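Here is how the chains run, residue by residue.
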Amino acid sequence: TKALVFDGHARRLGESSSEIRLTYPQPGWVEQDPRDLLRSVIENARAVLSVANADCLAMGLSNQGETVTMWRRDSGEPLYNAISWQDRRTDSFCDALAKSEDGRRIQERTGLPIDPYFSATKLRWLLDHIPGARQLAGRGELLAGTTDAWLLWSLTGEHRTDETTASRTMLYNPRMRDWDQEVLDILNIPRSILPAIQPSCSPFGIIRDEFFSHSLPVTASLVDQQAALFGQACFAPGDVKVTYGTGAFILMQVGQEIPTSRFGLVPTVAWSLSAQPGGIRYALDGGIYVAGAAVQWLRDGLGIIKSAGESNELAMSVPDSGGVYFVPALAGLAAPYWDSYARGTIVGLTRGSTRAHLVRATLEGIAYRTRDVLEAMARDTGRPIRSIKADGGASDNAFLTQALADISGVEVRVAATRETTALGAGFMAGLGAGLWSSQEELAALWREAARYTPKENDEVESRYQHWLRAVERARGWAMPG
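Residues numbered from 1 in each chain as written. Predicted model: local features only at pLDDT ≥ 70, side-chain atom pairs only at ≥ 80, totals over all residues. Heavy atoms only, no water.

Novice: Just to check I follow, could you spell out the overall build of the protein chain for this structure?
Specialist: Within the protein chain one finds 16 helices and 22 strands. Against the globule reference of 23 Å for 481 residues, the protein chain gives a C-alpha radius of gyration of 22 Å, in line with a compact fold. Judged by the C-alpha coordinates and their principal axes, the protein chain covers about 65 × 55 × 45 Å. For the protein chain, the proportion of its 481 residues judged to be buried stands at 58%. Sequence separation of at least 24 residues holds for 74% of the intrachain contacts in the protein chain that already meet a minimum separation of 6. Here the protein chain has roughly 19300 Å² of accessible surface; of this, 49% comes from carbon and sulfur atoms. (Helix = DSSP H or I, 4+ residues; strand = E, 2+ residues; numbered from the N terminus. Rg over C-alpha atoms; globule rule 2.2 N^0.38 Å. Buried < 20%, exposed > 50% of the residue type's maximum accessible area, 1.4 Å probe, protein only. Contact = heavy atoms within 4.5 Å. Areas by Shrake-Rupley, 256 points an atom, 1.4 Å probe, with all protein chains shown as cover.)

Rendered as structure tokens:
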């Protein structure tokens with residue numbers, strides 16, 4: 001959890017952050033305590049408000065997207081841990097659903113592929129496996145939703161979500177801009193437990209003054225990656241950003257028409273400023289489950305680096321990866337492959353391979369995965385991608401960003417504000433509170449820290465073909481039987 005305060009010139013006045021413990025009860029299961037999440041938001045917000053010493057106008061919230069939780073309406077007590085977006089416990093359910101007529105209808109109505117990544121099957125699992133959950137729902141005593149709904153309810157007493165987050169649940173119909181009753185019926189999820197949906201830039205409630213020194217209006221809420229797209233000032237159709245964090249998430253803003261994808265991307269709401277037809281923008285989304293997490297694995301799992309920053313120096317210490325390729329499918333492969341049975345794969349090892357080669361192959365693997373998504377975007381839209389804006393912690397890694405430029409053949413512009421997700425939530429909150437009046441004002445505040453241009457290399461394409469061969473070896477590895 002990170003809390004930041006920005007002023008009217010988009011200057012950061014303060015920051016506070018803390019880690020939230022993840023738990024792994026079974027292989028493929030990823031959970032966190034929703035009370036820890038709430039506590040971390042309150043503590044970091046209090047800390048940054050005291051450091052910034054500013055008269056705060058409004059708050060914007062960005063959230064994990066697909067992570068879900070469930071709680072009692074009367075006491076606010078969670079029934080179970082929050083199930084993370086990374087969780088794969090509903091793999092087999094999704095496999096069966098995807099092969100059925102019901103699955104085809106869900107895809108048709110929501111625009112999303114059937115995958116455990118999205119919220120719907122996690123909610124179904126909670127209702128089916130938590131003792132008393134369906135009975136509580138039947139009596140109107142149960143509430144559920146993504147983490148934004150949990151936080152907003154806990155802080156303001158309002159049970160609400162926004163359109164970007166709803167569009168990540170596999171329960172939202174983008175044509176109706178509301179929950180889809182047919183999909184709810186297919187999955188046996190009662191509408192009564194779900195939050196109300198509203199535009200990303202709109203009043204979400206007032207944070208009660210018991211949490212902070214004064215009441216604070218929440219005037220914006222949206223998914224973290226959509227917040228980053230807004231914070232990167234990707235206001236024109238065709239603008240693309242990548243955020244490198246635990247995973248990597250590439251979004252292309254595509255305008256006012258609901259997109260479809262023939263090449264494995266996810267149509268999603270980019271943001272909505274009003275309930276009017278012209279007040280919404282859409283995006284194509286390509287998620288990579290493991291990016292920075294692969295570097296963390298090198299540090300914590302293998303112990304071959306002491307810090308993430310060391311990966312940059314080690315990668316540069318060798319002229320190439322020595323023929324080593326690492327497919328970072330440690331949690332399966334998302335776009336454009338959608339293979340939940342893929343697993344991390346290292347190929348090309350020889351006696352001459354060193355930890356430097358493996359570290360370099362890891363960073364190059366993140367860049368190759370990014371190119372996979374960019375290639376799908378170019379095919380879906382029929383337009384080549386010439387430039388991409390980068391943010392997130394790993395955008396500080398000079399080797400990774402140059403590798404992305406070289407491998408993908410695109411110019412990479414690194415944002416001066418690495419925490420572009422927070423900036424996007426702040427931009428939207430400021431719009432909602434009247435601090436700024438237009439996107440043009442916001443675009444003028446965006447600043448660049450570095451720019452990387454592709455270097456000529458005759459071997460790029462042949463190496464990418466080797467990469468695709470490595471991906472094929474990773475795919476389907478954990479398939480039952």
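Novice: Which parts of the structure should I look at to understand the nonpolar core?
Specialist: The nonpolar side chains of a soluble globular protein tend to be buried, and buried together. Met70, Leu171, Ile193, Ile250, Met377 and Val412 are the most contacted members of the largest nonpolar core, which totals 101 residues. Counting residues per element, this core draws most heavily on helix 12 (residues 355-381), which supplies 12 residues. Those residues in contact with leucine 171 that sit more than four places away from it in its chain are Thr110, Ala120, Leu123, Asp178, Trp179, Asp180, Val183, Leu184, Leu187, Ile189 and Leu194. One finds Leu4, Phe230, Met428 and Leu445 within the second-largest nonpolar core, a separate group that totals 27 residues. (Core = buried A, V, L, I, M, F, W, Y, C linked by side-chain atoms within 4.5 Å.)

Novice: Looking at this structure, how should I read the packing of helix 1 (residues 34-52) against helix 6 (residues 147-156)?
Specialist: To characterise two packed helices, one gives the angle between the axes of the helices and the distance between these axes. Their axes nearest at 10 Å, the elements helix 1 and helix 6 cross at an angle of 65°. Read as a crossing pair, helix 1 and helix 6 show a hand that is right-handed. On the side of helix 1, the interface is formed by Pro34, Arg35, Leu37, Leu38, Val41 and Ile42, while helix 6 contributes Thr147, Trp150, Leu151, Ser154 and Leu155. Residue composition of the contact of helix 1 with helix 6, by class: eight nonpolar, two polar and one charged. (Axes fitted to C-alpha atoms, helices over the stretch in contact; angles between N-to-C directions. Left-handed = near helix turned anticlockwise from the far one by under 90°. Nonpolar A, V, L, I, M, F, W, Y, C, P; charged D, E, K, R; others polar.)

Novice: Just checking my understanding: could you explain helix 9 (residues 224-231) for this structure?
Specialist: Note on helix geometry: an α-helix contains 3.6 residues per turn, so any two residues three or four positions apart are oriented the same way. Burial analysis of helix 9 places eight of its eight residues in the buried class, the great majority of the element. Burial in helix 9 covers these residues: Asp224, Gln225, Gln226, Ala227, Ala228, Leu229, Phe230 and Gly231. Phi for alanine 233, located one or two positions after helix 9, is positive at around 55°.

Novice: Hey, could you run me through the pattern of salt bridges in this one?
Specialist: Where charged atoms from two side chains of opposite charge come close, those side chains can pair. In this structure the tally under the stated criterion is 41 salt bridges. Measuring nitrogen to oxygen at the nearest pair gives 2.7 Å for the salt bridge that ties arginine 11 to aspartate 7. Notably, a salt bridge pairs aspartate 300 with arginine 299, separated by 2.7 Å at the nearest N-O pair. Accessibility expressed as a relative area gives 56% for aspartate 300, which makes it exposed. Judged by relative accessible area, which is 31%, arginine 299 ranks as partly exposed. (Salt bridge = Lys/Arg side-chain N within 4 Å of Asp/Glu carboxyl O.)

Novice: Please clarify how unusual backbone geometry should be interpreted in this entry.
Specialist: In most cases, non-glycine residues show a negative phi, while peptide bonds are predominantly trans. Residue proline 336 follows alanine 335 across a cis peptide bond; omega there is -5°. Positive phi outside glycine occurs at arginine 177, with the angle close to 55°. With respect to the helices and strands, the residue arginine 177 is situated in the loop between strand 9 (172-173) and strand 10 (178-179). A positive phi is found at asparagine 188, a non-glycine position, where the angle reads about 60°. Here asparagine 188 shows up in the loop between helix 8 (181-187) and strand 11 (196-198).

Novice: Help me out: how do you make sense of the sheet that holds strand 12 (residues 201-207) in this one?
Specialist: Within a sheet, adjacent strands bond to each other through the backbone by hydrogen bonds, running parallel or antiparallel. Pairing in this open sheet of three strands is mixed, and the strands run 4-13-12 from one edge to the other. Both outer strands of the open sheet, strand 4 (59-63) and strand 12, are each paired with one neighbouring strand and no more. Between one strand and the next, the sheet's axes are offset by a mean angle of 40°, whatever the strand orientation. As paired strands, strand 12 and strand 13 (residues 216-223) are joined by four bridges and run antiparallel to one another. Pairing of glycine 205 across the sheet is with valine 218, part of strand 13. Set on the sheet, helix 6 makes contact with strand 4, strand 12 and strand 13; between it and strand 12 the angle comes to about 45°. Taken strand by strand, helix 9 contacts strand 4 and strand 13, and its axis lies near 100° from that of strand 13. (Pairing = 2+ DSSP bridges.)

Novice: Explain helix 12 to me, please; I cannot follow it from the model alone.
Specialist: With 27 residues, helix 12 extends 39 Å from end C-alpha to end C-alpha; this agrees with the ideal 39 Å at 1.5 Å per step. Within two residues after helix 12, glycine 382 carries a phi angle of roughly 70°, on the positive side. (Expected span 1.5 Å × (residues − 1).)

Novice: What is the right way to look at the sheet that holds strand 21 (residues 411-415) in this model?
Specialist: Taken together, the seven strands give an open sheet; going across it, the order is 16-17-15-14-20-21-22, and neighbouring strands pair in mixed fashion. A strand with exactly one partner marks an edge of an open sheet, and here the two such strands are strand 16 (266-272) and strand 22 (448-452). Each neighbouring strand pair of the sheet contributes to a mean axis angle of 30°, computed without reference to strand direction. Inspection of the sheet shows strand 21 paired to strand 22 by four bridges, in the antiparallel sense.

Novice: Help me understand the environment of alanine 149, please; the structure alone is not making it clear to me.
Specialist: As for its placement among the helices and strands, alanine 149 is situated in helix 6. With relative accessibility at 0%, the residue alanine 149 sits in the buried group. When the C-alpha positions of alanine 149 and histidine 159 are compared, they lie 5.9 Å apart, and in sequence the two are 10 residues distant. Among all residues touching alanine 149, those that are not within four sequence positions of it are Trp71, Glu158, His159, Arg160 and Pro195.

Novice: Which parts of the structure should I look at to understand the packing of aromatic side chains?
Specialist: Aromatic ring pairs are defined here through the distance separating the ring centres and the angle between the ring planes. Under the defined criterion, the tally for this structure stands at 18 aromatic pairs. Ring centres 5.6 Å apart and planes at 55° place the aromatic pair tyrosine 80 and tryptophan 125 in the tilted group. Remark: tryptophan 125 occurs in helix 4 (residues 119-129) and tyrosine 80 occurs in the loop between strand 5 (68-72) and strand 6 (82-83); sequence separation between them is 45 residues. With relative accessibility at 23%, the residue tyrosine 80 sits in the partly exposed group. Residue tryptophan 125 is classed as buried on the basis of its relative accessible area, which comes to 12%. (Phe/Tyr/Trp six-rings, centres within 6.5 Å; stacked < 30°, edge-to-face > 60°.)

Novice: Honestly, the environment of tryptophan 153 in this entry has me stumped. Any pointers?
Specialist: Along the chain, tryptophan 153 falls in helix 6. Here tryptophan 153 falls in the buried class, since its relative accessible area comes to 18%.

Novice: Just to check I follow, could you spell out the side chain of serine 200 for this structure?
Specialist: Assignment of secondary structure puts serine 200 in the loop between strand 11 and strand 12. Residue class for serine 200 comes out buried when judged on its relative accessible area of 0%. In contact with serine 200, not counting residues within four places along its chain, are Asp162, Thr164, Thr219, Ala220, Ser221, Leu222, Trp271, Ser272 and Met428.

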